[in-house]
Each structure stands twice: as structure tokens, then as C-alpha cells.
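Chain and residue survey
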Amino acid sequence: MKAVVSRRTLLLALGAGLVVWLALPTLGAARFLSQLTGQPDWLQPWLANATVAVEDIDVPTRTGAIGARAYRPDGTARRTLVVVPGIHAGGVEEPRLDALARRLASTGSIVISLPLPDLRQFLITPASTDQIEDAVAWVSRQPSLAPAGRVALVGVSFGGGLAVVAAGRPAIRDRLSTVVSIGGHGDLPRVLRFLCTGAIDDGQTMAPHDYGVAVLLLAAADKVAPPEQAAALADGVREFLVASSIHATDAARAAGMLADVTARADRMDEPSRSLLRAVLARDVAALGPALLPWVDELGGDPSLSPERSAPPSAPVFLLHGTTDNVIPPTETPRLAQHLERAGAPNVRALISPAVTHADIRTGIGVGDGWALIRFWRDLLAAG
């Protein structure tokens, strides 16, 4: 006997299918954020991950080739992302960066992980902005990496601000589908002043992270120490920063490195001895006044600050943690306002307690979690 489907049943079925179709981007965003926090993958029965193939590649730039890593999902990729991490000694093998790239790729994206040489040396330089520009231009012209000829650019921490600067340059403005800054800066000298003083732009104060002050001391070593001491001071600060960056994954090695830096400090002459001891003691109050006079010279190049450069023409998504004390959260609304005034066509910003400096935290409220899911859903749709 031939089955008869009523009009009402058909409409209900079509309606249910439409709801599922509309919900899939939101579910995908929720799943991705859940994976980032290390939570159980409760959407596994409905949304399968793509298998990811990994390949190390060399990306040519005007200053030489940069070692990068390409993550390719099986099947047809929906987008290509170039991910620029912030200040960290680790390269493509750094566990958090590798996990982020794999999870992004598993959603159906080709991901190019691009740790920049100077940022790996804890230095914020114009060369890094140039390298982002060159890397995006090259990747976008490789059919095997960017079949659509366009990429989404994602920068984290100080890499976020530099990515927004690079995105506004003529060579790549039309090759970007989206620009994303996570915990990034709008104006580098303003952030450096915060690291020295704890003052943020709304008249309030926040205790700055000592890691950022140590990065600033490394850049200023030849300005705050006599010439014959500067190299040794810089080496000691850099070893402290490397030890700090690996502490979570190799505590024993980090402890040995810190002991070595302590011994070095004891052998130094003043003022390097006191400066390096202040770094080891994480004494921001002692370091800040010595470094404050140099923030404009060290950070004032327009290529280091989005608020001093041309805006991107692609949609810009800015995400920041409410309690970020490396780059204060006030940077994101300031940057969003600047970009809108400068003519950027589509700027979306979210300051969220669900974000630390560059990570997603667990145990967040439903409202904050939903806001983050919607933000990421819209970001994925734009890219």
C-alpha cells in the first residue's frame, strides 16, 4: 500500500531540517570552544571531526624563509587560516599552538601555523609585520594551501596587533577574508606604559604581568645598562623568559634555567645585577620606572600599532579577556573605535571573562559561554 505524507507532516519535516541546518554553525562553534578547553566532546555523535594531515613547510619572506606547519583536513577545506602566535620561544611544536591548529583544521580549515622568528626571541619588531604581510601574500597564491586565493589571518597576543597592521597593507588587503586578533593591542606604546605603571586608559589601574615587563627590559637592555653589560643582561632576561614559557610543560628544565639566571645575576655588576634580580623576583614596581622613559622609542614605529596604521578592508574580529594583565582589555574597544572611525567596514569586538590572555577558561557562566559561541560562529561564517 502506498504511503501518503500529509502536507502538515511535510512542513514539520522541512521545518525541523531548517532548524538543524541553521543550528549547525552554532553547534560547530560550541564544539570547537569545548575542545579548546579540554572538555568532553559531547557533540561527537552528530559532528564528526575531519582527519588532519600535517606537513612542515618553508614560507618565503623578504627577510628569509620561515619554518611553518600546514594542517590539512581530509575532503574539501572551507577556508584557509594563517595563525600567528604571540611572544613565545616555542615554534610549531609548542603544545598549545599545535592543539589550536589541529582543532581549527579538524573543523574543515587549512591552517598555516606561523611562529615568527623575532617573537620567538621575545622581540616586537617591524620585521615581524613585514613577515606577516609576505606570508599571507605567498600562502594566498598557493592553490594547494588557499584554493580560493584568500585567507583568514589570526593573530594572538602581540601577534594580534601586528596581524591587524599587516592586514591593512595594499599587498594583501584584497587577499583576506577575515582578520582576527585575540588578546591583541591597538597602540603598542600605550601597552608598554601600562606594563611599566599599571595605569589603563580609563583612569583605573591593574597589576601588570611581570612577563611583559621582562620583555620590555630585553628590548631596552642597551639603554638601561652600560654597553659592556648590555649583552649579558639581555641573555639573562631571555633565559628567564624561556624558562617562564616552558614551565608548564617542563618544570624541571625551567627550574634549572632559573637557577642558572640567578647565579649569573650574582656575578654581574650594577646596575645589571639589580635589574636581573628584579626580573627574577617579578618585581614590576622596581623595573617599571627604569623602563618607562623608553616606551615611545621602543614601540613608536607605526608598523607596530594598528592605531598608527591603515585599517584592513576585511571584517575584523577582536576578542579579549576581561582580566588580561599582559595586554589590558581596554585595548580592544579603543582599537574597535579607531578602526570604525578610519573606515573599516565591519568590526566586531567581544571582551569576555571566558578568555584569559590567550586561552579559553573552563567553568564560565551560560551567558558568557553563549556570547563566545555566537562570536566564534559569526567569525567562522565571515571567514
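Here we summarise the structure given alongside this text. (Residues numbered from 1 in each chain as written. Predicted model: local features only at pLDDT ≥ 70, side-chain atom pairs only at ≥ 80, totals over all residues. Heavy atoms only, no water.)

Moving on, we get to the overall build of the protein. Scanning the protein from N- to C-terminus turns up 14 helices and eight strands. The 383 residues of the protein split such that 52% are buried. For the protein, the proportion of contacts with a sequence separation of at least 24, taken over those separated by at least 6, is 71%. Carbon and sulfur atoms provide 57% of the accessible area of the protein, an area that totals close to 16800 Å². (Helix = DSSP H or I, 4+ residues; strand = E, 2+ residues; numbered from the N terminus. Buried < 20%, exposed > 50% of the residue type's maximum accessible area, 1.4 Å probe, protein only. Contact = heavy atoms within 4.5 Å. Areas by Shrake-Rupley, 256 points an atom, 1.4 Å probe, with all protein chains shown as cover.)

Before going further, it helps to spend a moment on the packing of aromatic side chains. Taken as a whole, this structure holds two aromatic pairs when the rule is applied. Ring plane angle 75° and centroid distance 6.4 Å describe the contact between Phe-122 and Tyr-211, whose orientation is recorded as edge-to-face. Taken as a pair, Phe-122 in the loop between helix H3 (117-120) and helix H4 (126-140) and Tyr-211 in helix H7 (residues 210-224) lie far apart in primary sequence, 89 residues in all. Each member of the pair Phe-122 and Tyr-211 is classed as buried. The interplanar angle of 80° and the centroid separation of 5.6 Å between the aromatic rings of Phe-317 and Phe-375 together place this pair among those described as edge-to-face. One end of the pair, Phe-317, is in strand E7 (residues 316-321); the other, Phe-375, is in helix H14 (residues 366-382), with 58 residues separating them in the sequence. Looking at Phe-375, the relative accessible area reads 0%, which means it is buried. (Phe/Tyr/Trp six-rings, centres within 6.5 Å; stacked < 30°, edge-to-face > 60°.)

Attention now moves to the packing of H4 against helix H5 (residues 158-167). Orientation of H4 relative to H5, taken along the N-to-C sense of each, is 60°, at an axis distance of 9 Å. Our classification of the angle between H4 and H5 gives oblique. Considering the relative orientation of H4 and H5, their crossing is right-handed. Here Ser-128, Thr-129, Ile-132 and Glu-133 of H4 lie close against H5, whose contacting residues are Leu-162, Ala-163, Val-165 and Ala-166. When the residues that make up the contact of H4 with H5 are grouped by side-chain class, the tally is five nonpolar, two polar and one charged. (Axes fitted to C-alpha atoms, helices over the stretch in contact; angles between N-to-C directions. Parallel < 35°, antiparallel > 145°, perpendicular 65-115°, else oblique. Left-handed = near helix turned anticlockwise from the far one by under 90°. Nonpolar A, V, L, I, M, F, W, Y, C, P; charged D, E, K, R; others polar.)

This part covers the packing of helix H8 (residues 227-246) against helix H9 (residues 251-267). Angle between the axes and distance between the axes: these two values describe a pair of packed helices. Two elements in contact, H8 and H9, have axes separated by 8 Å at closest approach and are oriented at 160°. Viewed along their axes, H8 and H9 adopt a mutual orientation that is roughly antiparallel. The way H8 lies across H9 gives a crossing that is left-handed. Within the contact between the two elements, H8 uses Asp-235, Gly-236, Glu-239, Phe-240, Val-242, Ala-243 and Ile-246 and H9 uses Ala-251, Arg-253, Ala-254, Met-257, Leu-258, Asp-260, Val-261 and Arg-264.

Further remarks concern the sheet that holds strand E6 (residues 176-182). Within the open sheet, the eight strands sit side by side as E1-E2-E4-E3-E5-E6-E7-E8. Their pairing is mixed. Every interior strand has two partners, whereas the edge strands, strand E1 (52-59) and strand E8 (347-352), have only one. In this sheet, neighbouring strand axes are inclined to one another by 15° on average, regardless of whether the strands run parallel or antiparallel. Direction of pairing for E1 relative to strand E2 (residues 66-73): antiparallel, over a ladder of eight bridges. Its bridge partner lying in E2, Ile-57 is registered against Ala-68. Running at roughly 150° to strand E5 (residues 151-156), H4 makes contact with E1, E2, strand E3 (79-84), strand E4 (109-113), E5 and E6 of the sheet. (Pairing = 2+ DSSP bridges.)

Our focus in this paragraph is the pairing of E4. Among the five residues of E4, five are classified as buried, and the element is accordingly described as predominantly covered. Burial along E4 is two-sided: Ser-109, Val-111 and Ser-113 facing one way and Ile-110 and Ile-112 facing the other are all buried. Here E2 runs beside E4; their pairing, made up of three bridges, is antiparallel. Opposite Tyr-71, over in E4, you have Val-111 as the bridge partner. Sheet analysis places E3 next to E4, joined by five bridges and oriented parallel. By the bridge assignment for E4, Leu-81 is matched with Val-111.

This brings us to the pattern of salt bridges. Inspection of every chain in the model, using the stated rule, returns 24 salt bridges. Across the salt bridge formed by Arg-308 and Asp-187, the nearest N and O atoms sit 2.6 Å from each other. In this pair, Arg-308 sits in the loop between helix H12 (295-299) and E7 while Asp-187 sits in the loop between E6 and helix H6 (188-197), placing the two residues 121 residues apart along the sequence. Residue classification places Arg-308 among the partly exposed positions, given a relative accessible area of 38%. Salt-bridge contacts for Arg-377 lead to Asp-378; the nearest nitrogen and oxygen are separated by 3.1 Å. (Salt bridge = Lys/Arg side-chain N within 4 Å of Asp/Glu carboxyl O.)

The next subject is the pairing of E6. For E6, the tally of buried residues reaches seven of seven residues, placing the bulk of the element in the interior. Across six bridges, E5 lies against E6 in parallel orientation. Following the sheet pairing, Val-156 is matched in E6 by Ile-182. Since E5 and E6 lie parallel, the crossover through H5 that links them has a hand, and here it is right-handed. Note: E6 against E7, four bridges, orientation parallel. Looking at E7, one finds that Ile-182 is bridged to Leu-319. (Right-handed = clockwise from strand over helix to strand, strands pointing away.)

Mapping Leu-81 onto the fold places it in strand E3. A relative accessible area of 5% places Leu-81 in the buried class. Sequence-wise, Leu-81 and Val-111 are 30 residues apart; in three dimensions their C-alpha atoms are separated by 4.8 Å. Here Leu-81 is in contact with Leu-104, Ser-109, Ile-110, Val-111, Ile-112, Ala-152 and Val-154, once residues within four sequence places are set aside.

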